[in-house]
Amino acid sequence: MKNNKKHKNYKKTINLPKINFPMKANLILKEPKIIKKWEKEKFIENIKKNKIDKNSFIIHDGPPYANGNIHFGHIYNKIMKDIILKYKNIMNKKTICKPGWDCHGLPIEIEIQKKIKTIKYDKKNIYIYKFKKNCFNYAQKQIKKQKKNFKRLGLLINLEKHYKTMDFKNIANTIRTLKKFIELNYLERKTKPINWCIKCKSSLAEAEIIYKKKISLSSYITFKLHNKRFFLKKINIKNLKKNIELIIWTTTTWSIPGNCALTVNPKIKYSIIETKKKIYILSKKKYKNIFNKIKIKYKKIKSILGKNLTNLFTYHPISKIKTPILKNKYIKENSGTGIVHIAPQHGEEDYKIAKKYNLIGKNVINKKGKYIYYKFIKNIKNKKLKKAEKYILNFLIKNRKIILKEKIKHNYPFCWRHKKPIILRSTPQWFINIDKNKLRNKMLKSIKKVEWFPKKGYKKMKKMIIERPNWCISRQRIWGTPITLIINKKTKKLHPEMNYLMEKIANKIEKIGPNYWTNLKLSKFLKNKHKKYEKVLDVLDIWFDSGSTCFSVMNKEFTKQNKYIDLYLEGSDQYRGWFMSSLIIHTAINNCAPYKQVLSHGFVVDNHGKKMSKSLKNFINPNTIINKFGVDIIRLWVASSNYAKNIHISNEIISRTIESYRKIRNTIKFLISNLDEFNPKYNSITQDKMILIDKWIIHEAKKYQKKIIYLYNNFEIHKVTKTIMNFCINKLSNTYLDIIKDRKYTIKKYSLPYYSAQTTIWMLTETITKWIAPILSFTTEEIWKYIPRKKNKYIYTETLFNKLFYIKQYEKINIQTWKTLFLIKKNINTKIEEQRTKKLLNSSLESKIILKTNKTLFNKIKYIKKELKFFFLVSELKLKKNKKNYLYKIYILKMKGTKCKRCWHITKKNNFNKNNNICNRCIKNTLGDGEKRIFA
């Protein structure tokens, strides 16, 4: 009975972990409380309080659009920014990120038009005021709703101190930015073809266009040659009495009434083809294919160069007006028929060619997409585009001007809002000429200095700059920043004092709002000179609004950062949008890009790579996930996703993320539970006194930390997460913590080996917590109060753990020897597992290892041979020197002896204390001075 009693007392001597850190995360309950606590304590202000302005890091927040609920794209973007900001804080940077919202533009107008269906213009502008007020109020409500959802994400961004592009001050500053373009002579008014959405009834920017597959009706239309005799003489052919016709190919038959010329490439070969009734001319490479489709007999008469066709004339197939044949060196031999029809009011290239030859052409479509009066075809006036095209086709077929028509599938530009095909339509618009003052070249030079993430972003941006047309900045809408220009009624030129007048207008708008411009009467503003002038009633492209925020919002930050923002971070669609508009505006004014670094991320898609949509039934509501699992799960999903590709999300992916979260939390929980009664001020020990395996794991942590810093600096957050997981699972749970459990639990409490383990665990706990702090914000807040030390209130006011160290060169066991020992351990584990499978062993502690090594390895590890059994997790290890040259050999035997009730090791009879039912080692660790450890 006495022995049993003692046995129970000895059981209490085991230094088991004291689990005070909760096993269950309960994120959905804890996170809202933490947010309230942060708000009460002024969390953001306190973190930045002691940071130095010179050591700052700025992210310019690209404003999300103030319309609709936030989706996973918003969440991914905001959390990525937040992770970077929090990391930079831990690296002792003063972080700046002023959140904003883009408020102007068509989507909000469409929502308001649903409520105010009829548009009535009146002299007092009552409708316009009402409409704009409704737009303003709608945007405010949307911002309030989105802001609430963003707050839930635990961001280190003060959402209360945000900017809106519809703020009076920002509108005024945007107008001042436009004034700079006038001063620098970049602004032009031109009547030229621009992207036009019939549904929007407005011009579109490049960023407002998406390309999708479209089935179009293509037509092969003939133009009769006017100068037949002259042409035949020119190419030395006689006795051809049939009419000669040139064949063009088009997918926009509706634009034929606007035709004013044909173009050919003077250097490519064209074939003259004879049929029963006519002679046709078209590209040498295309005639066989086309005539085989028509299924009529033909023969080739001759091939000629395109230059023999230039300066001749054809008859328009509808109006029969003479139209010239012009040079176009950009036509390709295998494209269409090699002959291109020119409608300068409905094509960018057509416009350039027509301008070169002083041709005008006809604009055949109005802003509503209806046909303008055309006297040569009856009943076509006011017909919608599709119906008008049918009238034109019927006319051409009836007059035998179409030899072939067929459907083709091709990439076509669509309005991204309405998902409807757009047209090119000529209207008077305001443009930024990006070739003026070599602006295009300046932009190409400036992007070379920018660091692009991913690297392919540079090539993408370069290609877009080279190919982009001049920027159409005017929109024929109501809701937007007004283009506050005053122009001459006849010449359409700007008022000679426009710069002065714009500043005056901007000052007024800053105080009383954009309605000042709507209500402005030139008779009062210009006094007796007003009769010659009129106001421009267009509004600015919203990309000019958001692009100019680098001046209208970030002026102070630019001063401190030498005209650069550290980072722009948005979705990959912003190369055409915000990245581009910001680049044009800043390069034009300051001769450099506004950003040092640009990071673009992919779109959030489902597990199969499909865009999320309610109609496809693959849509996941972010709030559903947050309310079920908590924000930290979403934050870990963000951190685990590779931004350089499209980002996948599904219930299965969320489940895997939850499992990863549990592994990290359980690792931290185990570490904290082994820091009971530990006070680093009094109990931590110095490096020279530490047990060797403790030094090894700190060395490993130092290596990992160096890698993690590199990955964070290069925004490879998904690799940061992977690296942390790897350390927690492979280096800690499966290796170090498994090895030191025996020492931590069974060694004499408060001894040097005990404190060596606790010191190491303390260092690792704080280190890992700082690694995960930018990612798992709420969990980190919870962990921070459990780590024993005198520390700052918030982890983001700390720096990365600098007490980690590398193993010194003169350590008795160097890095190479450690690698060898772990390789041996891996092989021993494999052999023990084989024995367990055969049911020869139940656990590793039932085994005895004979390890034979060569002389070199034997001499390196012989002094730790008594402790190798703790490293290999076996009950006994015999180290022997091998006479042969191989590095090592392993022999596994079943250990014979008695199992200690305290440490579970099997020990020989002479090492077992029968009076106490425990081994002599445990007697020493309980009743004696404690065993000595140097290695494990």
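For the structure, check the block above.
Residues numbered from 1 in each chain as written. Predicted model: local features only at pLDDT ≥ 70, side-chain atom pairs only at ≥ 80, totals over all residues. Heavy atoms only, no water.

Tallying secondary structure elements over the protein chain gives 32 helices and 34 strands in all. The C-alpha radius of gyration of the protein chain comes to 39 Å, more than 25% above the 30 Å expected for a compact globule of 936 residues. Projected onto the principal axes, the alpha-carbon positions of the protein chain cover approximately 125 × 75 × 45 Å. Counting the 936 residues in the protein chain, one finds 57% classified as buried. Considering only intrachain contacts with a sequence separation of at least 6, the fraction spanning at least 24 residues in the protein chain is 78%. In the structure as shown, the protein chain presents an accessible area of about 45900 Å², 51% of it carried by carbon and sulfur atoms. Once the 213 positive and 63 negative side-chain charges of the protein chain are each reduced to a mean point, those two points are 7 Å apart. (Helix = DSSP H or I, 4+ residues; strand = E, 2+ residues; numbered from the N terminus. Rg over C-alpha atoms; globule rule 2.2 N^0.38 Å. Buried < 20%, exposed > 50% of the residue type's maximum accessible area, 1.4 Å probe, protein only. Contact = heavy atoms within 4.5 Å. Areas by Shrake-Rupley, 256 points an atom, 1.4 Å probe, with all protein chains shown as cover. Lys, Arg positive; Asp, Glu negative; His and termini not counted. Charge placed at Lys NZ, Arg CZ, Asp CG, Glu CD.)

What follows deals with the sheet that holds strand E18 (residues 451–453). The parallel open sheet is built from five strands, whose spatial order is E2-E1-E24-E25-E18. Bordering the open sheet on either side are strand E2 (94–96) and E18, each of which pairs with just one other strand. Averaged over neighbouring strand pairs, the angle between their axes works out to 20° when direction is ignored. Two strands pair when backbone bridges link them, and strand E1 (residues 56–60) and strand E24 (residues 565–571) are joined in this way by two bridges, in the parallel orientation. Across the sheet, residue His60 finds its bridge partner in E24, namely Tyr568. (Pairing = 2+ DSSP bridges. Axes fitted to C-alpha atoms, helices over the stretch in contact; angles between N-to-C directions.)

Attention shifts here to the side chain of Thr427. Its place among the elements puts Thr427 in strand E17 (residues 423–432). Given a relative accessible area of 8%, Thr427 falls into the buried group. At 2.6 Å, the side chain of Thr427 forms a polar contact with the side chain of Gln429. Ignoring sequence-local partners within four residues, the contact set of Thr427 consists of Lys190, Thr191, Lys192, Ile194 and Trp196. (Polar contact = N/O pair within 3.5 Å; in protein donor to acceptor, adjacent residues only side chain to side chain.)

Right, let's talk about the packing of aromatic side chains for a bit. For the structure on display, the rule yields 38 aromatic pairs. Ring centres 5.4 Å apart and planes at 65° place the aromatic pair Tyr374 and Phe376 in the edge-to-face group. On the accessibility criterion, Tyr374 (5% relative accessible area) is buried. Residue class for Phe376 comes out partly exposed when judged on its relative accessible area of 31%. Ring plane angle 35° and centroid distance 4.5 Å describe the contact between Trp696 and Phe822, whose orientation is recorded as tilted. Highlighted residues: Trp696 in helix H25 (residues 692–713) and Phe822 in helix H29 (residues 815–837), separated in sequence by 126 residues. Accessibility expressed as a relative area gives 4% for Trp696, which makes it buried. Given a relative accessible area of 18%, Phe822 falls into the buried group. Aromatic rings pair up to connect Trp452, Tyr568, Tyr575, Trp578, Phe579 and Tyr595 into one cluster. Here Lys88 stacks its cationic end above the ring of Phe57, 4.7 Å away from the centre of that ring. (Phe/Tyr/Trp six-rings, centres within 6.5 Å; stacked < 30°, edge-to-face > 60°. Lys NZ or Arg CZ within 6 Å of the ring centre and 35° of its normal.)

Moving on, we come to the pattern of salt bridges. Working definition: two side chains of opposite charge can pair if their charged atoms are close together. Enumeration over the complete set of coordinates arrives at 56 salt bridges. The shortest N-O distance in the salt bridge between Glu274 and Lys299 comes to 3.9 Å. Of this pair, Glu274 sits in strand E10 (residues 269–274) while Lys299 is found in strand E12 (residues 299–305), placing the two residues 25 residues apart along the sequence. The class of Glu274 is buried, set by a relative accessible area of 17%. The closest approach of N and O atoms between Lys908 and Glu876, which form a salt bridge, is 3.7 Å. Residue Lys908 is located in the loop between strand E32 (906–907) and strand E33 (912–913), and its partner Glu876 is located in strand E29 (residues 876–881); the two are separated by 32 residues in the primary sequence. Of the residues examined, Glu876 reaches a relative accessible area of 11% and is grouped as buried. Ionic contacts of the salt-bridge type, sharing partners, join the residues Arg176, Lys179, Glu183, Glu503 and Glu510 into one network. (Salt bridge = Lys/Arg side-chain N within 4 Å of Asp/Glu carboxyl O.)

Take empty space enclosed by the protein next. Rolled over the atoms, a probe sized like a water molecule indicates the empty space that remains. Scanning the model with the defined rule gives three cavities of 30 Å³ or more in all. When its volume is computed, the largest cavity comes out at roughly 110 Å³. Contributing to the lining of the largest cavity are 16 residues, with Gly105, Leu106, Glu208, Arg475 and Arg477 lying nearest its centre. Mapped by element, the contributors of at least two residues to the lining of the largest cavity are helix H5 (106–115), strand E6 (202–203) and strand E23 (539–540). Among the residues forming the lining of the largest cavity, the class breakdown is seven nonpolar, four polar and five charged. (1 Å grid on protein atoms, 1.4 Å probe; cavity = no way out; pocket = protein on both sides within 12 Å on 5 of 7 lines; lining within 4 Å. Points joined across faces, edges and corners; volume = space filled by probe spheres on them. Nonpolar A, V, L, I, M, F, W, Y, C, P; charged D, E, K, R; others polar.)

Our next topic: a positive patch on the surface. Residues Lys199, Lys201, Lys212, Lys367, Lys368, Lys384, Lys386, Lys387, Lys390, Lys419, Lys420 and Lys611 make up a contiguous surface patch of positive charge. Broken down by element, the positive patch gets its largest block of residues, three residues, from helix H11 (residues 385–398). Relative to the helices and strands, Lys419 resides in the loop between strand E16 (402–415) and E17. (Patch = residues over 30% accessible without salt bridge, like charges linked within 9 Å, V, L, I, M, F, W, Y side chains within 5 Å.)

The element strand E5 (residues 187–197) is largely enclosed, with a buried count of eight among its eleven residues. Of the strand pairs in this sheet, E5 and E17 are connected by ten bridges, and their pairing is antiparallel. Bridge pairing in E17 links Lys192 to Thr427. Judged from the two bridges that link them, E5 and E6 form a sheet pairing that is antiparallel.

Considering soluble globular proteins, one finds that nonpolar side chains tend to be buried as a cluster. Formed by 154 residues in total, the largest nonpolar core has its most connected members in Trp637, Trp818, Phe871, Phe872 and Phe935. Among the elements that line this core, the one with the most residues is helix H26 (residues 717–746), at twelve residues. Here Phe872 is in contact with Leu821, Ile824, Lys825, Ile828, Leu851 and Leu877, once residues within four sequence places are set aside. Counting 67 residues, the second-largest nonpolar core is a separate cluster that includes Ala207, Met464, Ile465 and Val598. (Core = buried A, V, L, I, M, F, W, Y, C linked by side-chain atoms within 4.5 Å.)

Structurally, the position occupied by Ser474 is in strand E20 (residues 474–475). A polar atom in the side chain of Ser474 sits 2.4 Å from the side chain of Gln429. With residues up to four places along the chain from it excluded, the contact list for Ser474 reads Ser203, Gln429, Trp430, Ile483, Asp538 and Val539.

Moving on, we come to the sheet that holds strand E19 (residues 471–472). Spatially, the four strands line up as an open sheet ordered E6-E5-E17-E19, and their pairing is antiparallel. Of all the strands in the sheet, the pair left with one neighbour each is E6 and E19. Bridge count for E17 against E19 is two bridges, and the pairing is antiparallel. Note on E19: the bridge partner recorded for Phe431 is Cys472.

Contact geometry of helix H22 (residues 631–640) with helix H28 (residues 777–784) gives a least axis separation of 7 Å together with a crossing angle of 115°. Between H22 and H28, the residues in contact are Val631, Asp632 and Arg635 and Ser777, Phe778 and Thr779, respectively. When its residues are assigned to classes, the contact of H22 with H28 shows two nonpolar, two polar and two charged.

Apart from glycine, the bulk of residues carry a negative phi angle, and the bulk of peptide bonds sit in the trans form. Residue Pro454 is bonded to the preceding Phe453 through a cis peptide linkage, with omega at -5°. Tracing the backbone through its elements, the reader meets Pro454 in the loop between E18 and helix H13 (456–467). You will see that Lys42, though not glycine, has its phi angle at about 55°, which is positive. On the secondary structure map, Lys42 appears in the loop between helix H2 (27–41) and helix H3 (43–48). Judged by relative accessible area, Lys42 falls into the exposed class, the value being 53%. Its identity as a non-glycine residue notwithstanding, Tyr750 has a phi of 70°, on the positive side. Topologically, Tyr750 is positioned in the loop between H26 and helix H27 (752–772). With a relative accessible area of 46%, Tyr750 lands in the partly exposed category.

Keep in mind these numbers describe shape, not what the thing actually does.
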